[in-house]
Amino acid sequence: DTEVTQTPKHLVMGMTNKKSLKCEQHMGHRAMYWYKQKAKKPPELMFVYSYEKLSINESVPSRFSPECPNSSLLNLHLHALQPEDSALYLCASSKEGLGYNEQFFGPGTRLTVL
Amino acid sequence: QKEVEQNSGPLSVPEGAIASLNCTYSDRVSQSFFWYRQYSGKSPELIMSIYSNGDKEDGRFTAQLNKASQYVSLLIRDSQPSDSATYLCAVRGGGYQKVTFGIGTKLQVIP
């Protein structure tokens, strides 16, 4: 299984809602990532988990809260989002180890904040 | 100064031609280089990775790396309309886990 899955595919939420995005991989990878991508822009790194520990937080607002329950799962909890947070949210995973860490992306969750 | 630079395009090539996509990067200690293809509304798909100077071929795709010039390119031979997409150059720099993406080059293959 060489796939990263994400649920839901689409999410519409109000600014007062709390929701969660989910990501799962079964490739035995030990690093997992959350990216945000706006239209016609490259993916923008938000968080990196390495061996289930948060290793990079790219100064993301606290209304985004990541969680890594185990090596295969990654969640992104959303609360009090703003309309400008509407974007494609991408999960990725990679092997751990020096050098050659190819990242494989899931299909993404299209988030709309009303 | 941008860390990974690409021409946003669009780059238009006729079907059957060679498409040449270019990327420059600023971090001299960069170790790993990747090309992703992204169709509109979809997620990025890894198509090539390259780590050493020179060429790497995989089917119709050839990645070329020149670390001295801080330049990486992707050639697509016998371009097909299905190759029409945005191609993202990604570079892993001196940091261990972070990958920086270029803005992407939009490729249009004209039938």
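Residues numbered from 1 in each chain as written. Chains lettered and ligands numbered in written order. Predicted model: local features only at pLDDT ≥ 70, side-chain atom pairs only at ≥ 80, totals over all residues. Heavy atoms only, no water.

Novice: If you had to explain the sheet that holds strand β7 (residues 64-70) of chain A to someone new, which residues and values would you point to?
Specialist: All names here are of chain A. Spatially, β1-β3-β8-β7 is the arrangement adopted by the 4 strands of the open sheet, whose pairing is antiparallel. At either end of the open sheet lies a strand with only one pairing partner, and these are β1 (4-7) and β7. Strand-to-strand twist in this sheet, taken as the mean axis angle between neighbours without regard to direction, amounts to 20 degrees. (Pairing = 2+ DSSP bridges. Helix = DSSP H or I, 4+ residues; strand = E, 2+ residues; numbered from the N terminus. Axes fitted to C-alpha atoms, helices over the stretch in contact; angles between N-to-C directions.)

Novice: Any details on the pairing of β7 of chain A? Residues and values, ideally.
Specialist: Residue and element names in this part refer to chain A. Here β7 pairs with strand β8 (residues 73-79) via 5 bridges, running antiparallel. Across the sheet, residue Ser65 finds its bridge partner in β8, namely His77. Linking β7 back to β8 in an antiparallel pair, the connection comprises 2 residues.

Novice: Account for the pairing of strand β7 (residues 61-66) of chain B, naming residues and giving values.
Specialist: Residue and element names in this part refer to chain B. Pairing analysis gives 5 bridges linking strand β6 (residues 54-58) to β7, with the strands arranged antiparallel. In the strand pairing of β7, Lys56 is matched with Ala63. Once β6 ends, the chain turns through 2 residues before running back antiparallel as β7, passing Gly59 with a positive phi of about 65 degrees. Relative to strand β8 (residues 71-76), β7 runs antiparallel, the two sharing 6 bridges. In the sheet register, Asn66 faces β8, and the bridge partner there is Tyr71. In this antiparallel pair of consecutive strands, β7 and β8, the connection spans 4 residues, and Gln70 shows a positive phi of 55 degrees.

Novice: So what's going on with the packing of aromatic side chains? Which residues, and what values?
Specialist: If you walk through the whole model with that rule in mind, you get 9 aromatic pairs over all chains. Taken together, a centroid distance of 5.8 Å and an interplanar angle of 90 degrees make the contact between Tyr35 of chain A and Phe101 of chain B edge-to-face. Note that Tyr35 of chain A is positioned in strand β4 (residues 31-37) and Phe101 of chain B in strand β10 (residues 99-101), a pairing that runs across two chains. For the pair Tyr35 of chain A and Phe101 of chain B, a shared accessibility class is recorded, and that class is buried. Plain terms: the ring middles of Tyr36 of chain B and Phe101 of chain B are 5.6 Å apart, the flat faces sit at 50 degrees to each other, and that makes the pair tilted. Remark: Phe101 of chain B occurs in strand β10 and Tyr36 of chain B occurs in strand β4 (residues 32-38); sequence separation between them is 65 residues. The residues Tyr36 of chain B and Phe101 of chain B share a single accessibility class, namely buried. In this structure an aromatic cluster arises from ring pairing among Tyr33, Tyr35 and Phe105 of chain A together with Tyr36 and Phe101 of chain B. Directly above the aromatic system of Phe61 of chain B lies the positively charged group of Arg60 of chain B, at a separation of 5.6 Å from the ring centroid. (Phe/Tyr/Trp six-rings, centres within 6.5 Å; stacked < 30°, edge-to-face > 60°. Buried < 20%, exposed > 50% of the residue type's maximum accessible area, 1.4 Å probe, protein only. Lys NZ or Arg CZ within 6 Å of the ring centre and 35° of its normal.)

Novice: Quick rundown of the interface of chain A and chain B? Include the residues and the values.
Specialist: Contact residues are listed per partner, giving 27 residues for chain A and 21 residues for chain B. In total, about 1800 Å² of surface goes out of reach between chain A and chain B, with carbon and sulfur atoms giving 53% of it. At the surface where chain A touches chain B, the tally comes to 1 salt bridge. Our count for the contact surface shared by chain A and chain B stands at 6 residue pairs in polar contact (both at pLDDT 80 or more). Of all elements in the fold, only β4, β5 (44-50), β6 (53-57), β9 (87-94) and β10 (104-105) of chain A reach the threshold of two or more residues within the side of chain A that touches chain B. (Contact = heavy atoms within 4.5 Å. Buried area = accessible area lost by both parts, 1.4 Å probe. Salt bridge = Lys/Arg side-chain N within 4 Å of Asp/Glu carboxyl O. Polar contact = N/O pair within 3.5 Å; in protein donor to acceptor, adjacent residues only side chain to side chain.)

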